[in-house]
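# Secondary and tertiary structure notes
Residue strings, one per chain:
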Amino acid sequence: MLPLLADGNSGNLFWELLVNGLVMGSLFALIALGYSLVYGIIELVNFAHGDLFMLGAAMTYTLTALAVSWFGVVTPGGMSFAIVLGLLLIVPFFCGGVNVVIDRVVYRPLRQSPRLVPLVSALGVSFVLVNIGQLWIGTAPVSLENKAQLVSDASLTQIGEVPIKWKDAVVLITVVPVMIGLTWLVKFTRMGKAMRATAQNLVAAQLMGIGVQRVIASTFFIGGYLAGLAAVVYTLKIGRIEYQMGFQNGLYAFTAAIVGGIGNIPGAVLGGLLLGFIYSFGGGYSQGNWVDALIFGVLIVLLIFRPTGLLGSRTREKV
Amino acid sequence: MRFRWFHILLVFPFAIPFSAGCSGCNKREANTIVIVSSLPRTGSAKGQTDTMVNGIKMAIDEYDGKVGDFKILFQDKDDAEASSGQWTAAAETANANAAVNDKDVMVYIGPYNSGAAAVSMPILNKAGIAMISPAATATGLTKKNADNKDEPDIYRPSGKLNFTRVVPTDDLQGPIAARFIAEELKKKRVYVLNDNERYGEGIAKEFEAGARKLGLTVLGNEKINVAQQEFGSLMTKIKNSEGGPPDAIYFGGTTQSKGGQVAKDMIKSMPNCVLLVPDGCYEKAFIDSAGAGLEGRVFVTFGGQDPTRLTGAGKTFVEKYKEKYKTDPEAYAVYGYEAAKVALAAIKKVNKKDRDAIREAILGTKNFSEGAIGTWSFDENGDTTAQIFTISEIKNGNFVPVKELNGLKPSAP
């Protein structure tokens with residue numbers, strides 16, 4: 001049915017969709033990590049995470065507008081490179097900071113409550129963030145390119161006949177080192193050890209002298225940081241932002257986290273990439289309005305055969 | 001948890017709307033006639049509907065708020081919700097029911113979206129309230145069509161007509177875009193996309209039919225997933241169509257259903273392709289969301305004349321508008337004004353507070369010239385006989401009209 005590797009145009013189509021899927025998948029994975037990290041530590045599905053991502057995109061837009069008003073018209077080149085670097089430095093810290101504040105103000109007082117309470121609060125936080133976004137960027141979608149063309153639309157290189165665009169390259173160049181860095185952080189540092197211990201057993205970790213609240217706050221910071229990073233590269237690639245963008249992207253990312261096994265870091269990445277490929281090939285080989293059906297169909301089938309996700313392990317019963 | 005005074009303060013803001021609930025509802029006088037408008041006042045259509053409401057208010061102001069023996073009260077209702085960013089069936093239903101239950105409501109101006117019209121038409125039809133839409137253009141709302149045999153009778157449970165519109169319908173607008181592609185741009189191969197909504201899917205079908213009639217090659221007609229944030233893989237697929245990329249893409253949809261993103265993704269992926277969009281994208285918000293590089297690549301059809309092209313009373317209206325609101329009116333401002341003028345003229349003629357009489361007077365509007373778009377009539381379906389279409393391109397962030405076409409002129413074979 002699908003002329004996957006047929007000659008001529010359709011072969012080209014396959015490879016272009018593959019690149020597109022890889023790029024979108026990395027974006028989903030970045031956001032999914034935020035869900036997974038937080039869930040891994042305190043078993044909270046942070047529904048506000050997608051909207052935090054939206055605030056990051058809004059920040060990216062505002063900072064770009066500021067930069068343009070300071071430096072004048074910006075075209076792809078030296079100056080835009082500096083601005084992109086600046087965005088990649090500032091926005092993740094902003095999102096990380098906001099996430100820590102949300103945890104301190106909303107989730108931390110509810111740490112001892114039944115699990116549904118913080119869950120519902122997360123929905124509330126999501127609404128608050130959406131409305132902040134609406135006040136911030138307005139109700140109409142806006143386009144980053146109307147402020148400045150930070151990354152060129154041109155191709156960086158070609159592999160065979162498949163163009164690799166600068167915009168795709170920016171995503172991959174940013175995402176890959178960050179994922180390696182995150183793995184290193186969690187596996188080989190003191191903080192990572194503390195995080196893993198807290199995830200395993202919060203009370204025991206506390207008894208062992210681990211500053212559990214500090215570890216949780218750091219986890220929220222890292223999750224927010226990744227969402228901010230995703231927001232910057234997303235805005236550079238896609239360009240259009242609106243106050244509702246957090247919902248759909250958050251939903252995809254959350255699905256990716258579940259597919260990979262929520263709470264599991266490599267799982268979130270794997271789930272994100274898998275989702276990216278379904279998203280891309282689904283859009284390319286079937287009708288566009290079938291994409292969501294495909295994605296959630298895969299989710300259902302997967303959960304039937306592997307209820308814990310691809311790499312997830314069974315959560316221990318809490319006594 | 002311990003009781004704290006602090007918590008009382010938290011509850012306070014929520015208590016205000018309830019305690020102050022009745023300070024706004026001053027009693028109306030018996031000779032008040034209410035004109036309601038139901039338009040998406042939240043979300044990205046707000047810029048467009050702001051100018052429509054301004055147009056309506058200007059028309060009422062011209063009468064000093066008094067017509068015949070009656071005082072005119074205008075209610076500006078919202079049929080959109082912030083959570084969805086566009087019209088919702090729930091909000092439109094609520095507005096229609098509120099209008100039915102308010103005995104002073106005689107005219108319902110709106111809605112903006114054809115899908116919303118399909119929701120509120122039967123409700124208002126039963127109550128015999130006249131509707132004048134300044135923007136809803138789906139064919140099936142007033143005319144028999146091949147897609148749905150039940151239309152338009154399902155919208156008229158009382159058997160009488162109550163819906164009129166001052167803009168021409170999509171069975172004219174779709175083919176106009178096809179004509180522009182074939183005759184002006186001299187392109188051959190088109191790909192059709194639609195947003196799977198009442199208006200977008202309908203106009204895309206009309207376009208496709210028109211395009212086939214003109215001998216254009218239609219490579220496909222596909223629904224997009226409007227929940228999606230970008231259409232990179234869709235554009236990749238279209239680019240790799242059999243026989244190469246199309247010369248033109250038609251998108252049946254609105255700014256709210258991601259028209260801007262479709263434009264953006266097309267520009268990035270196909271350097272020699274143009275995009276045509278219908279009047280649902282004819283607003284500043286579309287340009288803001290579509291980004292850069294639109295010049296010569298994106299064209300918009302619109303069932304009427306651009307504000308800059310209006311003459312006579314229309315020109316006067318645009319000047320007065322600029323003087324009063326200090327901005328340029330968007331395209332539909334004049335249609336808001338026109339709709340209100342029709343309503344006011346009918347009320348003046350009837351000079352009775354009677355829904356049925358006013359409804360009949362509005363439907364019987366013939367050779368109407370008190371408005372700003374020239375002389376026109378409502379036909380037996382409640383559609384306007386004014387059928388000039390404008391096709392605009394985008395230059396420096398503004399729509400610039402490039403061509404006016406008459407919808408009734410038969411297409412060249």
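Note that the structure is a prediction, hence the values are computed from the model and not measured.

### Some details on the overall build of chain A
Counting its regular elements, chain A contains 11 helices and four strands. Relative to its length of 319 residues, chain A is compact, with a C-alpha radius of gyration of 20 Å against a globular reference of 20 Å. The buried share of chain A, taken over its 319 residues, is 51%.

### A short note on the overall build of chain B
In terms of helices and strands, chain B carries 12 helices and 13 strands. For chain B, the C-alpha radius of gyration of 22 Å lies close to 22 Å, the compact-globule estimate for 413 residues. Reported as C-alpha extents along the three principal axes, the dimensions of chain B are approximately 70 × 70 × 45 Å. Considering chain B as a whole, with its 413 residues, one finds that 55% of them fall into the buried category.

### Topic: the domain arrangement of chain A
Residue and element names in this part refer to chain A. In terms of domains, chain A is made up of domain 1 (34–243) and domain 2 (247–319). A straight line from the C-alpha centre of domain 1 to that of domain 2 covers 20 Å. Residue-level contacts link 12 residues of domain 1 with 14 residues of domain 2. Looking at the side of domain 1 that touches domain 2, the elements that each hand over two or more residues are helix 1 (9–42), helix 2 (49–71) and helix 5 (166–188).

### A few points about the domain arrangement of chain B
Residue and element names in this part refer to chain B. For chain B, the domain assignment lists domain 1 (32–168 + 310–382) and domain 2 (170–302 + 389–406). Computed over C-alpha atoms only, the centres of domain 1 and domain 2 are separated by 28 Å. The interface is formed by 20 residues belonging to domain 1 together with 18 residues belonging to domain 2. Within the residue set of the side of domain 1 that touches domain 2, elements represented by two or more residues are helix 2 (46–62) and helix 4 (114–127). At three residues, the largest contribution of residues to the side of domain 1 that touches domain 2 is made by helix 4. Of the residues contributing to the side of domain 1 that touches domain 2, the split by class is five nonpolar, 12 polar and three charged.

### Description of helix 8 (residues 212–238) of chain A
Each turn of an α-helix holds 3.6 residues, which means side chains three or four residues apart point in the same direction. All names here are of chain A. With 27 residues, helix 8 should cover 39 Å at 1.5 Å per step; its first-to-last C-alpha distance of 38 Å lies within 8% of that length. Counting buried positions along helix 8 yields 24 of 27 residues, so the element is predominantly enclosed. Backbone geometry just downstream of helix 8 places G239 in the positive-phi region, at approximately 95°.

### Quick word on the sheet that holds strand 1 (residues 32–39) of chain B
All names here are of chain B. What the six strands build is an open sheet, ordered 2-3-1-4-5-6; its pairing is mixed. For this open sheet the edge positions go to strand 2 (66–67) and strand 6 (163–165), each flanked by a neighbour on one side alone. Here three bridges tie strand 5 (residues 130–133) to strand 6, and the two strands are oriented parallel to one another. Bridging from a neighbouring strand, M131 pairs with F163 of strand 6. Sheet strands in contact with helix 4 are strand 1, strand 4 (105–109), strand 5 and strand 6, and its direction is about 160° off that of strand 5.

### Topic: the pairing of strand 4 of chain B
Residue and element names in this part refer to chain B. Of all five residues in strand 4, five are buried; the element is thus mostly enclosed. Bridging between strand 1 and strand 4 involves four bridges; their strand directions are parallel. Bridged to V34 within strand 4 is V105. Pairing between strand 4 and strand 5: three bridges, direction parallel.

### Quick look at the sheet that holds strand 11 (residues 298–302) of chain B
In any sheet, the strands associate via hydrogen bonds between backbone groups, in a parallel or an antiparallel arrangement. Residue and element names in this part refer to chain B. Strand order across the open sheet formed by seven strands is 8-7-9-10-11-12-13, with mixed pairing between neighbours. The sheet is open, and its two borders are formed by strand 8 (217–223) and strand 13 (398–406), each paired with just one other strand. For this sheet, the mean inter-axis angle between neighbouring strands, taken without regard to orientation, is 20°. Inspection of the sheet shows strand 7 (residues 189–194) paired to strand 8 by five bridges, in the parallel sense.

### Regarding the environment of G293 of chain B
Note on placement: G293 of chain B falls in the loop between helix 9 (284–290) and strand 11. The exposure class assigned to G293 of chain B is partly exposed, which follows from the 17 C-beta atoms found within 10 Å.

Rules behind the numbers
Residues numbered from 1 in each chain as written. Chains lettered and ligands numbered in written order. Predicted model: local features only at pLDDT ≥ 70, side-chain atom pairs only at ≥ 80, totals over all residues. Helix = DSSP H or I, 4+ residues; strand = E, 2+ residues; numbered from the N terminus. Rg over C-alpha atoms; globule rule 2.2 N^0.38 Å. Buried ≥ 20, exposed ≤ 12 C-beta atoms within 10 Å, placed from the backbone. Domains from an automatic or database assignment. Contact = placed C-beta atoms within 7 Å. Nonpolar A, V, L, I, M, F, W, Y, C, P; charged D, E, K, R; others polar. Expected span 1.5 Å × (residues − 1). Pairing = 2+ DSSP bridges. Axes fitted to C-alpha atoms, helices over the stretch in contact; angles between N-to-C directions.

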